[in-house]
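Here is how the chains run, residue by residue.
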Amino acid sequence: MSTKKPAPPKTIESVLKEDRTFAPSAEFSKDAHIKSLSQYRRLYRESIKDPQRFWARQAEKEIVFYKPWKKVLQWKAPNAKWFVGGQTNVSANCLDCHLETDRANKAAIIWEGEPAAPGKPGEERTLTYRQLHREVCLFANVLKKNGIKKGDRVLIYLPMVPEAAIAMLACTRIGAVHSVVFGGFSAQSVADRIQDCAAKMVITSDGGFRRGGVVPLKENVDNALKIKVGRKSITQSIQRVIVLRRSENKVKMKRGRDVWWHDEISQVSDQCPPAKLDSEHPLFILYTSGSTGKPKGILHTTAGYLLGTKLSSKYVFDLKDDDVYWCTADVGWITGHSYVVYGPLANGATTLMYEGAPNWPGPDRFWQIVDKYQVTIMYTAPTAIRAFMKWGESWPKQYRLDSLRLLGTVGEPINPEAWMWYHRVIGKGRCPIVDTWWQTETGGIMITPLPGATPTKPGTATLPFFGITPEVVDDQGRAVPKNTGGKLIVRQPWPSMLRGIWGDPKRFVETYWSEVKGCYFTGDGCRQDSDGYFWIVGRIDDVLNVSGHRIGTAEVESALVSHKAVAEAAVVGRPDEIKGQALVAFVTVKGSAKASGDLQQILRNHVGKEIGPVAKPDQIRFTDALPKTRSGKIMRRLLKQIAAGKAIQGDTTTLEDISVLAKLSRSEE
Ligand code: WT7
């Protein structure tokens, strides 16, 4: 249903003009946790009038503490401590808590594997809360047996299999700090992350299935562990590699270092009491791209993260006991941490995990899974929705999809056409859509509709979640009027906020806390419309959003210049129908190297090897020179226009050598 409500933006910051509004249906609202906009507004006002009181009440209700906290918040920007003095355990809140209830034998994880070949069914596995608890206890004992102690870092490099969640939860059970590395990342990325957090152990598998092929995860780990700088191995901290058998792919096991998951769990007890951990005990490190070359290890801690993800899962996805909830993200991303594993399990929900790609063996794979498991809530990314649109309506149309009651998106601004398609073709006009804005750093959802309460408009994440205080400000940190573009900040601390960048407190302050004093800076540009809805207009730093993955241009540039043929490189984004943004690299080669089609391929593969396939440039353009200011700063603004095939506009007077521009425009393959 659509009610026209014209609210044209007055400024040009955002060109999007969208005035369709979709109110939640009475039927949905009737049973929802939050049933009306006025109820949301009342609770929201309360939550920000006295945030500490609000969060204290929620923590008491939602989290089991072994020792109660003494102080809700200790805050001296940028350092927050939540629930100070308390002790709890994340795995116990996700598992043990449910064992005394009707949920003990309820499906915690439903897993669907990737079919080995077209025509073959995917494997399937269901773990009840009791079964998952047992697996987690066994594996926690395996961690201990292999020398892992509270506070040690453990790298997890696994495909989307239940063992990924089991390994994460086992770490939290004993207070080890996990760092999950996405299975699509390269050996070099694995090595960099091991080095940065000095991990003691890697958990990996003999392989993961992807579109009918096998990703050689163990081999990547072997290569990562061989990388040296000078004579020194950069991964010397690693003492043990645990290998899960998944694909029967042949792997080499190094004596004294590598052991099999199945051998290890057969040697330990299934009893493992959860460690009593301080509220601020480090929970995990997750690496994400920034505007400089080196990924940042975002640190999250125990009680606040748990509360943030539990509460947001419950209200944003309106979780009920009979839901089958499916978040399609990989556990290697924050969405997989917060909304495949921790948030849903803390709520005692059934969370579905799928190992494979959306178009393998066919473009109807997701819809097949929705019907097979009667999925009620589906949470995916705009880039996936745009791909489904391209593959055509005929694929989802072959399925009933009538179990679905709620849809969600995350990762980038969703373009209104994709929103409408999702609403019409997948939701059949019946399901509310929650467009959720948040970040690796925020731990949980920050700006979002509540599905029974908030009228939605295609393209906006709408209003703040409880206890969250986003604001759009100018360069001086002053709030800007409605319908004016500015920087998105968050005024007040919140429980699931990042606690730092691993090993780099200076960068933490510079990146997030220097733009507006005392406030968290998100890196996003935004405007609020006259209803107060937040419209994210994208990043304002040199970070791109490619298929919902955050990629720092500097990271790709440093990968390119690490190749012997490359003298200089500049990477910019170009609008792309499916990916949102595509990567275009402008490259100057060294004297003796030859710019050729072969070299383009070599460089793309080189970036794939250095970072991972997601970071491979879509286009490499060779050029004699890059456009620079007299002070030597690359003028990305111009490169972006060239990459998008547009005429050069705006000031070019600061350009050191104007003839570069004409040459650049001709640099297309
Ligand atoms: C960046 C964070 C949060 C999990 C996935 C990405 C963009 C994310 C939205 C949204 C507009 C969005 C922002 C943000 N973003 N969700 N609903 N609407 N933009 O996590 O890799 O940490 O990236 O993704 O630019 O800053 P991430």
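Residues numbered from 1 in each chain as written. Predicted model: local features only at pLDDT ≥ 70, side-chain atom pairs only at ≥ 80, totals over all residues. Heavy atoms only, no water.

## Here we look at the confidence of the model for the chain
With 96% of its residues at a pLDDT of at least 70, the chain reaches an overall mean of 93. Low pLDDT (under 50) marks residues 1-15, which in the prediction has 30 contacts with non-local residues, meaning those over four places away or in another chain. (pLDDT = per-residue confidence, 0-100. Contact = heavy atoms within 4.5 Å.)

## Here's the deal with the site of the ligand
In the neighbourhood of the ligand, 17 residues make up the surrounding shell, with Asp-435, Thr-436, Thr-440, Arg-539 and Arg-550 lying closest. For the ligand, a nitrogen atom lies 3.4 Å from a polar atom in the backbone of Glu-412. Against a free-state accessible area of 550 Å², the protein chains account for coverage of 95% of the ligand. Those elements that place two or more of their residues in the shell around the ligand are helix H11 (334-346), strand S25 (433-436) and strand S30 (534-539). (Near = heavy atom within 4 Å. Polar contact = N/O pair within 3.5 Å; in protein donor to acceptor, adjacent residues only side chain to side chain. Areas by Shrake-Rupley, 256 points an atom, 1.4 Å probe, with all protein chains shown as cover. Helix = DSSP H or I, 4+ residues; strand = E, 2+ residues; numbered from the N terminus.)

## A few points about the sheet that holds strand S7 (residues 107-112)
The mixed open sheet is built from seven strands, whose spatial order is S8-S7-S22-S21-S23-S24-S25. On the outer flanks of this sheet lie strand S8 (124-128) and S25, each paired with one strand and no other. Direction aside, neighbouring strands of the sheet carry axes that sit 20° apart on average. With five bridges joining them, S7 and S8 adopt antiparallel strand pairing. In the sheet register, Trp-111 faces S8, and the bridge partner there is Arg-125. In the packing of helix H12 (residues 365-373) onto the sheet, the strands contacted are S7, S8, strand S21 (324-327), strand S22 (350-354) and strand S23 (377-380), and the crossing angle to S7 comes to about 145°. Contacts from helix H15 (residues 416-426) reach S23, strand S24 (406-410) and S25, with the element oriented near 155° to S24. (Pairing = 2+ DSSP bridges. Axes fitted to C-alpha atoms, helices over the stretch in contact; angles between N-to-C directions.)

## What to know about helix H3 (residues 51-62)
Relative to the 16 Å expected for twelve residues at 1.5 Å per residue, H3 spans 16 Å between its end C-alpha atoms, a close match to the ideal helical length. For H3, every residue scored as buried is listed here: Phe-54, Trp-55, Ala-56, Gln-58, Ala-59 and Glu-62. Close packing links the buried residues of H3 with helix H2 (37-49), strand S3 (65-67), strand S4 (71-76), strand S5 (79-84), helix H4 (90-99) and helix H10 (302-316). (Expected span 1.5 Å × (residues − 1). Buried < 20%, exposed > 50% of the residue type's maximum accessible area, 1.4 Å probe, protein only.)

## Brief notes about the nonpolar core
In terms of nonpolar packing, the biggest core is built from 120 residues, with Phe-83, Leu-132, Phe-139, Ile-203 and Phe-317 touching the most fellow members. Filtering out sequence-adjacent residues up to four positions away, Phe-139 remains in contact with Ile-166, Ala-167, Ala-170, Ile-203, Ile-242, Trp-261 and Ile-265. (Core = buried A, V, L, I, M, F, W, Y, C linked by side-chain atoms within 4.5 Å.)

## Observations regarding the pairing of strand S20 (residues 296-301)
Residues in a regular strand point their side chains to alternate faces of the sheet. Taken across its six residues, S20 has six buried, putting it largely inside the fold. By the alternation rule, side chains of S20 split into Lys-296, Ile-298 and His-300 and Gly-297, Leu-299 and Thr-301, which are all buried. The pairing of strand S19 (residues 282-288) with S20 spans six bridges and is classified as antiparallel. Across the sheet, Leu-286 pairs through a bridge with Ile-298, a residue of S20. Two elements, S20 and strand S28 (residues 500-501), share two bridges in a ladder whose sense is antiparallel. Opposite Leu-299, over in S28, you have Gly-500 as the bridge partner.

## Some words on the packing of helix H13 (residues 382-391) against H15
With their axes 10 Å apart at the nearest point, H13 and H15 run at an angle of 70° to one another. With respect to H15, the element H13 is oriented roughly perpendicular. Contact residues: Ile-385, Arg-386, Phe-388 and Met-389 in H13; Glu-417, Ala-418, Trp-421 and Tyr-422 in H15. When its residues are assigned to classes, the contact of H13 with H15 shows six nonpolar, no polar and two charged. (Parallel < 35°, antiparallel > 145°, perpendicular 65-115°, else oblique. Nonpolar A, V, L, I, M, F, W, Y, C, P; charged D, E, K, R; others polar.)

## Observations regarding the sheet that holds strand S27 (residues 486-490)
Taken in spatial order, the four strands of this open sheet run S26-S27-S29-S30, and their pairing is antiparallel. The open sheet is flanked by strand S26 (470-473) and S30, the only strands paired with a single partner. In this sheet, neighbouring strand axes are inclined to one another by 45° on average, regardless of whether the strands run parallel or antiparallel. Here four bridges tie S27 to strand S29 (residues 520-528), and the two strands are oriented antiparallel to one another. The partner of Gly-486 across the bridge, within S29, is Cys-526.

## Quick word on the state of the cysteines
For the structure on display, the rule yields zero disulfides. In this structure Cys-97 is not part of a disulfide, and its nearest cysteine sulfur, from Cys-94, lies 8.4 Å away. Given the relative accessible area of 29%, Cys-97 is considered partly exposed. Looking at Cys-171, it has no disulfide partner, and the nearest cysteine sulfur is the one in Cys-197, 11 Å off. The exposure class of Cys-171 is buried, given its relative accessible area of 0%. (Disulfide = S-S within 2.5 Å.)

## Quick word on the packing of aromatic side chains
Per the counting criterion, the structure on display carries 36 aromatic pairs. Ring centres of Tyr-354 and Phe-366 lie 6.2 Å apart, and the angle between their planes is 85°; this geometry places the pair in the edge-to-face category. Taken together, the positions of Tyr-354 in strand S22 and Phe-366 in helix H12 put the pair twelve residues apart, joining distant regions of the chain. Each member of the pair, Tyr-354 together with Phe-366, is buried. Members of the aromatic cluster, connected to one another through ring pairs, are Tyr-40, Tyr-44, Phe-54, Trp-55, Phe-65, Trp-69, Trp-82, Phe-83, Tyr-315, Phe-465 and Phe-466. We note Arg-245 situated over the ring of Trp-260; from NZ or CZ to the ring centre the distance is 4.6 Å. The ring of Tyr-533 has Lys-457 lying over it, and the distance from NZ or CZ to the ring centre is 4.6 Å. (Phe/Tyr/Trp six-rings, centres within 6.5 Å; stacked < 30°, edge-to-face > 60°. Lys NZ or Arg CZ within 6 Å of the ring centre and 35° of its normal.)

## Thoughts on the environment of Asp-435
Residue placement: Asp-435 occurs in strand S25. The sequence separation of Asp-435 and Ile-414 amounts to 21 residues, and the corresponding C-alpha distance is 7.8 Å. Residues contacting Asp-435, with those up to four places away along its chain left out, are Thr-409, Ile-414, Ile-447, Thr-448, Pro-449, Gly-459, Thr-460 and Ala-461.

## Considerations on the pattern of salt bridges
Scanning all chains against the criterion turns up 42 salt bridges. Here Asp-258 makes a salt bridge to Lys-218, at a shortest N to O gap of 2.8 Å. Here Lys-218 lies in helix H8 (residues 217-224) and Asp-258 lies in strand S17 (residues 258-260), a separation of 40 residues in the sequence. The salt bridge involving Asp-402 is made with Arg-400; its shortest N-O contact spans 2.9 Å. For Asp-402, a relative accessible area of 39% gives the class partly exposed. A single salt-bridge network, built from bridges that share partners, covers Glu-112, Glu-124, Arg-365 and Lys-372. (Salt bridge = Lys/Arg side-chain N within 4 Å of Asp/Glu carboxyl O.)

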